[in-house]
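The primary structure of each chain is shown beneath.
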Amino acid sequence: MKGGLVATAKKIKPHFSFISIWYPVPEFPQRGIFIKRHALSLLPHARVSVVVPVSRKGQSRAYEILVEETDEGLLEIRVFYRKSTVPAISLFTNAIRLIRAALKGLLQAEKKLGKTDLIVFQNLCRTPPLVLAGFLKRKKFVLFEHYSGWATGEFRLTDKLFMPLFRLAAKKACAVLVVSKFLQQKMESFGIAANYRIVPNIVPVSFSAESERQTGKKTILYVGAFRERIKNTSLLIRAAFELKKKRSDFKVVLVGGGEDEGRIKNLIKELQLGDVVKFMGFLPPDKVAELYSVADVVVVTSRVETFSVVAAEAMGNGVPVITTRCGGPEEFITEGEGIVLESFEPEELSEALDKVLSGRISFDRNKIRERAAQLFSAEQVGKELFRILSSCLPQ
């Protein structure tokens, strides 16, 4: 060529397509937010689409497709399919419609972004028909698992029926991504052998100026569902009762809701803690971030957590965490970020709270944020996720 120059083709970024039925919607902006954050983290490195099959009762058309692009450039394709309610055939019919919806979504993604290089299926127990469709289409795929049911053993009948498919899918997948070593071990206990890779959830890390610390009562913050058999919220209420015997300069702020909210409220009334505990209900992310910024400590009381987004979010805001030993949190909470309890006794939690609120144990909030950035920032996690997904492509 003239001047000895050699023309080189510009390298085309790979196209990764996420498929998930669990994804944020306007009325539930936090649902599956961790999936969206992982997809967004890949945008500097790849073309990324998210296909979201959604069942709807009474829909006039068999399928309706909504294609949108976020401000960041993430392609989101929601495929609404008419949900069958006929008892005898609904399970089979809806599985077929789910597969077709996903395939229609993938077709739209490929029209916009080109051929899909790799499919990322989210949560085996929520998408078994889609995994089967992946086999039939012979697409390269990975599995990304978050589901707490592997840790609690709470499986639906269909999950149990599909367990042989799950085992086969894990073997066929290029990789199975999990958010913690704890989740990997639980899946292995069900015979799910795979090429496991640990990819933590992404949480925002705020280095902005802190909100002015309140000079009044210190704030103990809880964020999560009220579901006793898993989240064990009553442990915090009973610990607050014990703590109130020692001091009165604190309040407990509860964010969330759920099936056991009435039970928690009854316990608060029984223990006469109405002047201490404040219910906030469900709040949008920006309002939760405001509460993190003024909290003195965040408490995780769960019996089981495959990761604990709440603990990671607290770290991202520089807030120390007191957590039960429930699986995920103890993999990243060290002495520099908080306290890991050794029991589920309210007395131990009460003593830990007293130590933190009185300053007998102190924490450097900026160092907590810095470690959160190293572990959970979109930049760091996105690079590692891209490295893993790229390893599944032809070199």
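One can find the structure itself at the top, above this paragraph.
Residues numbered from 1 in each chain as written. Predicted model: local features only at pLDDT ≥ 70, side-chain atom pairs only at ≥ 80, totals over all residues. Heavy atoms only, no water.

S.K.: Looking at this structure, I do not really get the overall build of the chain. What am I missing?
M.R.: A count of helical and extended segments in the chain gives 15 helices and 14 strands. In terms of overall size, the chain behaves like a compact globule, its C-alpha atoms giving a radius of gyration of 23 Å where 395 residues would be expected to give roughly 21 Å. C-alpha atoms of the chain, sized along the principal axes, occupy 75 × 70 × 40 Å. Within the chain, buried positions represent 51% of all 395 residues. Long-range contacts, defined here as pairs at least 24 residues apart, represent 69% of the contacts in the chain between residues at least 6 apart. In the chain, the 60 positive side-chain charges and the 42 negative ones have mean positions that sit 10 Å from each other. (Helix = DSSP H or I, 4+ residues; strand = E, 2+ residues; numbered from the N terminus. Rg over C-alpha atoms; globule rule 2.2 N^0.38 Å. Buried < 20%, exposed > 50% of the residue type's maximum accessible area, 1.4 Å probe, protein only. Contact = heavy atoms within 4.5 Å. Lys, Arg positive; Asp, Glu negative; His and termini not counted. Charge placed at Lys NZ, Arg CZ, Asp CG, Glu CD.)

S.K.: Before we go on, may I ask you to explain the nonpolar core in this structure?
M.R.: Among soluble globular proteins, nonpolar side chains are generally buried collectively. In this structure, W150, I220 and L254 are the most contacted members of the largest nonpolar core, which totals 106 residues. Among the elements that take part in this core, helix α9 (residues 234-244) stands out by supplying 6 residues, more than any other. Apart from residues lying up to four places away in sequence, W150 is in contact with L124, C125, E145, F155, M163, F166, L183, K186, M187, F190 and I192. Y63, I77, Y81 and A101 belong to the second-largest nonpolar core, a separate cluster that totals 8 residues. (Core = buried A, V, L, I, M, F, W, Y, C linked by side-chain atoms within 4.5 Å.)

S.K.: Looking at this structure, I do not really get the environment of G224. What am I missing?
M.R.: Relative to the helices and strands, G224 resides in the loop between β9 (218-223) and α8 (228-231). Taking the C-alpha atoms as reference points, G224 and G257, separated by 33 residues in sequence, lie 7.3 Å from one another. Those residues in contact with G224 that sit more than four places away from it in its chain are V255, G256 and G257.

S.K.: I keep staring at the pattern of salt bridges and nothing clicks. Help me out?
M.R.: Oppositely charged side chains can form a pair if their charged atoms are brought close together. Here the structure, examined in full by the defined rule, presents 23 salt bridges. Among the ionic pairs, E259 bridges to R229, the shortest N-O distance being 2.9 Å. With E259 in the loop between β10 (250-255) and α10 (261-270) and R229 in helix α8, the pair connects residues that are 30 residues apart, well separated along the chain. The class for R229 is partly exposed, based on a relative accessible area of 46%. (Salt bridge = Lys/Arg side-chain N within 4 Å of Asp/Glu carboxyl O.)

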